[in-house]
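As a plain string of letters, each chain reads:
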Amino acid sequence: MQKRWTDGSKTSAVAESFVKPNDRLSSFERLEIYNRVYWFRVLDCLYDDYPGLRAIVGEKKFLDLATAYLAKYPSASFTLRDLGSRLEKFLRQEPRWLAPNEELGLDMARFEWAQIIAFDDAALPQLTTDDVLDTPPAKLRVRLQPYLSLLELNYGVDKFLLAVKKREGDTLRDEASNTFEAMPQKKRQRPVRLPKRERLHLAVHRYDNQLYYKRLEPEAFAILSGLKQGRSVEKACLEALAKTRRTKVDWARQIREWFHDWSALGWICPAKK
Amino acid sequence: MPANPFNNFSDYGIGIGLRVPHYRHILEKKPVVDWFEIISENFMVDGGRPLEVLDQVLEQYRVVQHGVAMYFGSADRLSRTHLKKLKRLVKRTNTPWLSDHLCWGSVDGRYTHDLLPMPYTFAAAKTTAANIREASDFLEVPICVENVSSYAEFHASEMTEWEFLSEVVELADCGILLDVNNIYVSSQNHGFNPYDYLNNVPHHRVGQIHIAGHSKFEKYILDTHDHPVLDPVWKMYAHALKLVGKTATLLEWDDRIPTFDEVHNEALKANKFVEKQVQNAAA
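Here is a short report on the structure shown in this document. Nothing here was measured: the structure is a model prediction, and the numbers come from that model.

### Some details on the overall build of chain B
Next up, step 1: On a plain count of helices and strands, chain B comes out with 10 helices and 13 strands.
Next up, step 2: Rg of the C-alpha trace for chain B: 18 Å, near the compact-globule value of 19 Å for 283 residues, within the 12% margin.
Next up, step 3: With respect to the principal axes defined by its C-alpha atoms, chain B has extents near 50 × 45 × 40 Å.
Next up, step 4: Buried residues in chain B amount to 50% of all 283 residues.
Next up, step 5: If you take every contact in chain B between residues at least 6 apart in sequence, the share linking residues at least 24 apart comes to 78%.

### A short note on the nonpolar core
Next up, step 1: Val145, Val168, Ile176, Val180, Ile211, Tyr237 and Ala240 of chain B are the most contacted members of the largest nonpolar core, which has 140 residues in total.
Next up, step 2: Examining the composition of this core, we find that nine residues originate from one element, helix H2 (residues 27-49) of chain A, more than from any other.

### Here we look at unusual backbone geometry
Residue and element names in this part refer to chain A.
Next up, step 1: A cis amide bond links Ala99 with the next residue in sequence, Pro100, at an omega value of 0°.
Next up, step 2: Position of Pro100 relative to the elements: it lies in the loop between helix H5 (87-93) and helix H6 (102-120).
Next up, step 3: With a phi close to 60°, Asn209 is a non-glycine residue in the positive phi region.
Next up, step 4: Inspection of the secondary structure assignment puts Asn209 in the loop between strand S4 (197-207) and strand S5 (210-215).

### Observations regarding the interface of chain B and chain A
Next up, step 1: Contact residues are listed per partner, giving 42 residues for chain B and 37 residues for chain A.
Next up, step 2: Counting only elements with at least two residues in the side of chain B that touches chain A, the list comes to helix H2 (49-60), strand S6 (110-116) and strand S8 (153-154) of chain B.
Next up, step 3: The biggest single contributor to the side of chain B that touches chain A is S6 of chain B, with six residues.
Next up, step 4: For the side of chain B that touches chain A, a count of residues per class yields 16 nonpolar, 14 polar and 12 charged.
Next up, step 5: Here strand S1 (residues 19-20) of chain A pairs with S8 of chain B via two bridges, running antiparallel. Residue pairing across strands places Lys20 of chain A opposite Glu153 of chain B, the latter belonging to S8 of chain B.

### With respect to the sheet that holds S5 of chain A
Residue and element names in this part refer to chain A.
Next up, step 1: Taken together, the three strands give an open sheet; going across it, the order is S3-S4-S5, and neighbouring strands pair in antiparallel fashion. The two strands at the open ends of the sheet, each matched to only one other strand, are strand S3 (149-155) and S5. Geometrically, the sheet is characterised by an average inter-axis angle of 30° between neighbouring strands, direction not taken into account.
Next up, step 2: Of the pairings in the sheet, the one linking S3 to S4 comprises six bridges and is antiparallel in character. Following the sheet pairing, Tyr155 is matched in S4 by Arg197.
Next up, step 3: Packing against the sheet, helix H9 (residues 218-228) makes contact with S3 and S4, and its axis sits at approximately 140° to S3.

How each quantity is defined
Residues numbered from 1 in each chain as written. Chains lettered and ligands numbered in written order. Predicted model: local features only at pLDDT ≥ 70, side-chain atom pairs only at ≥ 80, totals over all residues. Helix = DSSP H or I, 4+ residues; strand = E, 2+ residues; numbered from the N terminus. Rg over C-alpha atoms; globule rule 2.2 N^0.38 Å. Buried ≥ 20, exposed ≤ 12 C-beta atoms within 10 Å, placed from the backbone. Contact = placed C-beta atoms within 7 Å. Core = buried A, V, L, I, M, F, W, Y, C linked by C-beta atoms within 7 Å. Nonpolar A, V, L, I, M, F, W, Y, C, P; charged D, E, K, R; others polar. Pairing = 2+ DSSP bridges. Axes fitted to C-alpha atoms, helices over the stretch in contact; angles between N-to-C directions.

Shown next, in the form of structure tokens:
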């Protein structure tokens, strides 16, 4: 626990002013129990939620990064699930925590947060034929599932994370843990080789309540991004194709196939009325 | 007491917590369990696997909700967002009663994710009771408030913890989730007789009992919920049953969780105390 209070006075003196000592522990020591449990709990949560980021920066640096993040952005939600919601923002403000792998670290932080969203974010009713009947593509608007994240990345973080998880063993975290006696255990393991630079478009989603990530072609990603931003189906497709350099593709057929796949995956929902 | 207004006149026996490491066993083997306790906040989500598992469990089992983040003792008003999400869950589970803790844990929109002890003052009791009444009115389900284990006491306290708990539940007209292990842990940390606590709470308001394990350190005991129930706590449980009668009992095991059978067998040890109490009551 910090030795100085927010006003510069000794924390021990502040503790004595409102906490009773007992025959074994001083006021400061009694407060320290809560301090220790708090940090163990929140650090353990981030430790479990970000195995990929941990593998990139290293265990020691990850704990320092997590401590700095939580000091700047303490939990603002009743649920620990949201603890990492501002981690990307923090890392953009203070990229030194990711050095020398700033870009890779940011990609991984975004990817791992997307998995938290995919795990338990809301699912809307899917688009049906009746929703689109008689609506021309120029006017047809749709929504994407709230649990679906679209990520434009510079590194193959998906394959890297799979390798990291395979190495660690995918143990489930029990959120109901009441308290902790020790810091998260550092595991001695062979490091997984960091991924090479690779332009990547990824959809992070769930299907049948299982987490999946799907690599997308750039044009598919562009269409989905356009739909997410509220473009009509026609406009999203036209804008995506305007950027493509691939000319020998039957785009009408390709786009039809993509929409068929996305519907089968349950990604497409009716627009808000 | 069995079947009282604070457990919605239900007559639940021995239950265990619904925990992630046991999901597969429960859904595949369908063991006989009287009831499960869920941590409300784990299921106050908008979709996905947690709710899928919960719905499958609800098809086969009785479920009671137990919260860890309502913070009845907070000086801030209860969060309406939290209450709305909680009410949605209450409708889903049809929980006969709902519990949370006599504690605070958040201030100015920042959360500690802990159950922090309160100063035992009349002003704090009044504020806490008002929060409980507000929650009870909104959720439309009986509420039991649980005593927490604690590692600090405050100069500002005007009464003992059990006097404070009694004051709160009378003002709020709510039930008590009597955590026998927490009483033991706090008694060792603060130097009071745990039987004074047990003897001096309003027994007719006890709607549920918690038992659990804890960890001993050199200068204090920590409420870790990662061990079997220790003998002093079993003895206190037996004494509690004499005072309150056969009451819904839940074994908490939340960390270093062993197999389902090990947890369930530990919980079922409570039956021998319950049976003895029933025999004594009949005699």
